[in-house]
Every structure is written in C-alpha cells, then in structure tokens.
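Analysis of the macromolecular model
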Amino acid sequence: MTVTAPQGFRAAGITAGLKASGNPDLALVVNDGPQHTAAAVFTSNRVVGAPVMWSRQAVKDGVARAVVLNSGGANVCTGPGGFQDAHATAEKVAEVLGVGAIDVLVASTGLIGVRLAADKLLAGIPVAASTLAADDAAGRAAATAIMTTDTVAKTVVRTVETQDGTFTVGGMAKGAGMLAPALATMLCVVTTDAVVSPAHADTALRTATGATFDRVDSDGCMSTSDTVVLMASGASGVTPDAATLTDVITAVCADLARQLVADAEGATHDIAVTVRGATTEAAAVAVGRAVTRSNLFKTAMFGNDPNWGRILAQVGTVPEEVAPFDPLELDVSINGVMVCKGGGAHEPPENVDLAASRDITVEIYLHAGDAEATIWTNDLGHAYVHENSAYSS
C-alpha cells in the first residue's frame, strides 16, 4: 500500500483532462484525523510556482487537512492569474471536503510558463473527492496521477512496533528528470497515523529530506516545484519518540529517493558515490556532489568505462577550505575494485565490470577525517538527451 496504508487517510487519482495523453493527472490525499498535523519542505529555487507560494503560507500553522496535486502543468511563471488558479484549487477542495482553504496544500508539476486549464482542474476536484477511498487501489491511483515522465509509480510503506503499539508510515513520490538538490525535482506525500506535534513533524521531515532527497543528483537541474508534505493523523494513538519518528521518516524518504534515481530518464546505471574519511559530513557531501555533477563521469559510466581519472579531476575542484585533503593520498574504488591508490593507478580498470549490473558503487577515500556521506546519481546517455529535447514539443 501507499499513502493510504496509515489509518486516517483516503486518496484518489483521476483523469481531469490536463494531459493531452489522457493519462491520470489529478490526485487528492485527505487526512481524516483525529489529528491534522502537517509539515512541508519546498524547493530552494528562487523561481517557484504559485502552488509553492500558496502551500508555504498554508502549512505555517502546522495543520493540513488535504493536499491536492496535479500533473500536466507546473503553474510556474504564470503571474497573478496562476496564483489565483492555485488559490481557487484550494478553495474548491475546501468546499467539497467542508474544510478551510488555508488547510489545503496545493502541488503541481509539468511544463513551466503555461497557465493550467483551471476549468478542467476545478471540475475534476469533485470527481476526485467522490472516489476517495482508504484502500490500496486508491493510494496507487493517486501515485499514478502525479507522474510526468516517470515510467512507474513510486510508493513505500513502513510499519514500526513500539512499546506503546504500532504505527505506520506511507509515501508516494514522482520524479524522473531535473533531479537535483534541493530537493530533487519531485512531488512527495508522506503520511503517518502516529501522534506527532507540528514541531516534531517539521524537524523529522527536514532531517529526513536533508539526508535523502537532498542527496539525489541526477542531472544537476533544480526544479521550481519541489514539494514534500508530511501529514500525521494520530489515528494509531501511538506517540513515537523523536528519534524513532525521524528514523522511519528518513527510511521512507530514502526508499523513495532511490526509486527516483532508478527511474531517471534514460538511465542504465544507478550510481552511489560514497565519500569516506572527510573532515566533516558537509565536506563529504561537497566532494560527492562534485563527482555526481560531472557529465564526463556520468557518460563514462554510461559507456561502462571505469575512468577513475574523471573522478579525481572532480574531487580536485572542491576548494580546500570546503574539503581539506591531500591529493597524493586519495583512493578510489569502483564496484569494490581499488583502481586508484595514493593518487595514482592501482588495480587495472579492466578488472571492473560495469556491464554486469545496473548498480554501480564508487567509494572515494580522502584520509582526512572520520566523516562520510553518499550521493545517489545515474549515468547520462542518449535517451536522456532525446527525452528532454522533445519534452515540450
């Protein structure tokens, strides 16, 4: 199951006619309570869509009764009219559910700079509301309706047993391109039936996204619409401690983040770049991100070429004040084979078989400290260029 797995949640996914393809394009997730706690994290891009503007304000009080999401149009760079569309969307959901519009979050994804077909979106909301259900089919319908260039719906569920009882966390996400911090070009809804305060929800979500979605870097392109929403119904009656809540939310986000990378446009390899022996975690992230942002590295992986020289070249671009290390002490392993040791050649690159599996692991040893971090990315090939050259035509 997905966002409907925790108690207290219903979902729906329908075709409102926003997509020329006729595929599902409108999703609704409703928190029936008894608690209506919410937290959200948004893109750090300075250019944002009207739904982000609306939802940033709406979630400030830590309360949300529902989130409505559409694909088929991002509602970004659409001026005052676009904001009116986002506001009208929240108002319509509020009307059909009998709640306040300020308690309805809005998220949109699709082409930038084009007004939504607001009449179709608003007409679809009562239809979606009429199909709301708490079963697995409804949750999967919602996950399908937010897809754009995704090839599969992305969902996850975790159940946690505590001394006080069991609570559940469910999630759904979309994303297959423009995957880069922060967050990763995506819409994501996480639900839980745990009893959670707004402060704990916000802390858990920010900690989780910082270690997961913020470390997915498919193509270095940041979106204008990224939205991750956490809603807690309290229906299980279980109040987990802060550490337990954060751990499970992080696990859910990590699972979804890996699903995003696995579905990256045209990718043939999923790549985990782990930097070890850094002075700080931030230093490890900076080095890992320098490598995963390299088109030369990513195309080498696409060609099944364990070209460690491209890795070291990127490591060296990180300023010393950000990540101190001695270039003559750098080691690099690819799929467990140490191809570089002490800043020079070690085992023969032909010992690395990149064609044997979709998964590739790259480990970079800085020998400067005890901190480490992993960045997830993918290779870059012909299909990515084709997909994104033809996206809006």
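Residues numbered from 1 in each chain as written. Predicted model: local features only at pLDDT ≥ 70, side-chain atom pairs only at ≥ 80, totals over all residues. Heavy atoms only, no water.

Here we look at the environment of Ser236
Just so we agree on the cut-off: Numbering of helices and strands runs from the N terminus, with a helix taken as a DSSP run of H or I at least four residues long and a strand as a DSSP run of E at least two residues long. Under the rule applied, a polar contact is a pair of N or O atoms within 3.5 Å (in protein, one hydrogen donor and one hydrogen acceptor; residues adjacent in sequence only if both atoms are side-chain atoms).
Mapped onto the fold, Ser236 is located in the loop between β9 (227-232) and α6 (242-262). With 71 residues separating them in the primary sequence, Ser236 and Gly165 have C-alpha atoms 8.0 Å apart. From its side chain, Ser236 meets the backbone nitrogen of Val238 in a polar contact 3.2 Å long.

Side note on the pairing of strand β11 (residues 331-334)
Selection criterion: Remark: exposure states derive from per-residue accessible area (1.4 Å probe, protein chains only) relative to the maximum for the residue type, with buried under 20%, exposed over 50%, and partly exposed in between. A strand pair is defined by DSSP finding two or more bridges across the two strands.
Neither face of β11 is open: one carries Asp331 and Ser333, the other Val332 and Ile334, and all of them are buried. Bridge count for β11 against strand β14 (residues 359-365) is 4 bridges, and the pairing is antiparallel. Bridge pairing in β14 links Asp331 to Tyr365. Bridging between β11 and strand β12 (residues 337-341) involves 3 bridges; their strand directions are antiparallel. When the bridges of β12 are listed, Ser333 appears paired with Met338.

Thoughts on the sheet that holds strand β13 (residues 344-345)
Basically, it comes down to this: Contact definition: two residues touch when any of their heavy atoms are within 4.5 Å. To define axes, lines are fitted to C-alpha atoms, for helices over the stretch in contact only, and angles between the resulting N-to-C directions are given on a 0 to 180 degree scale.
Across the sheet, 6 strands lie side by side as β13-β12-β11-β14-β10-β15; this open sheet has mixed pairing. One side of each edge strand has no neighbouring strand; the edge strands of this open sheet are β13 and β15 (371-378). On the sheet, α6 packs against β10 (270-278), β14 and β15 and is oriented at approximately 40° with respect to β15. Packed on one face of the sheet, helix α7 (residues 281-292) meets β10, β14 and β15 and runs near 25° to β15.

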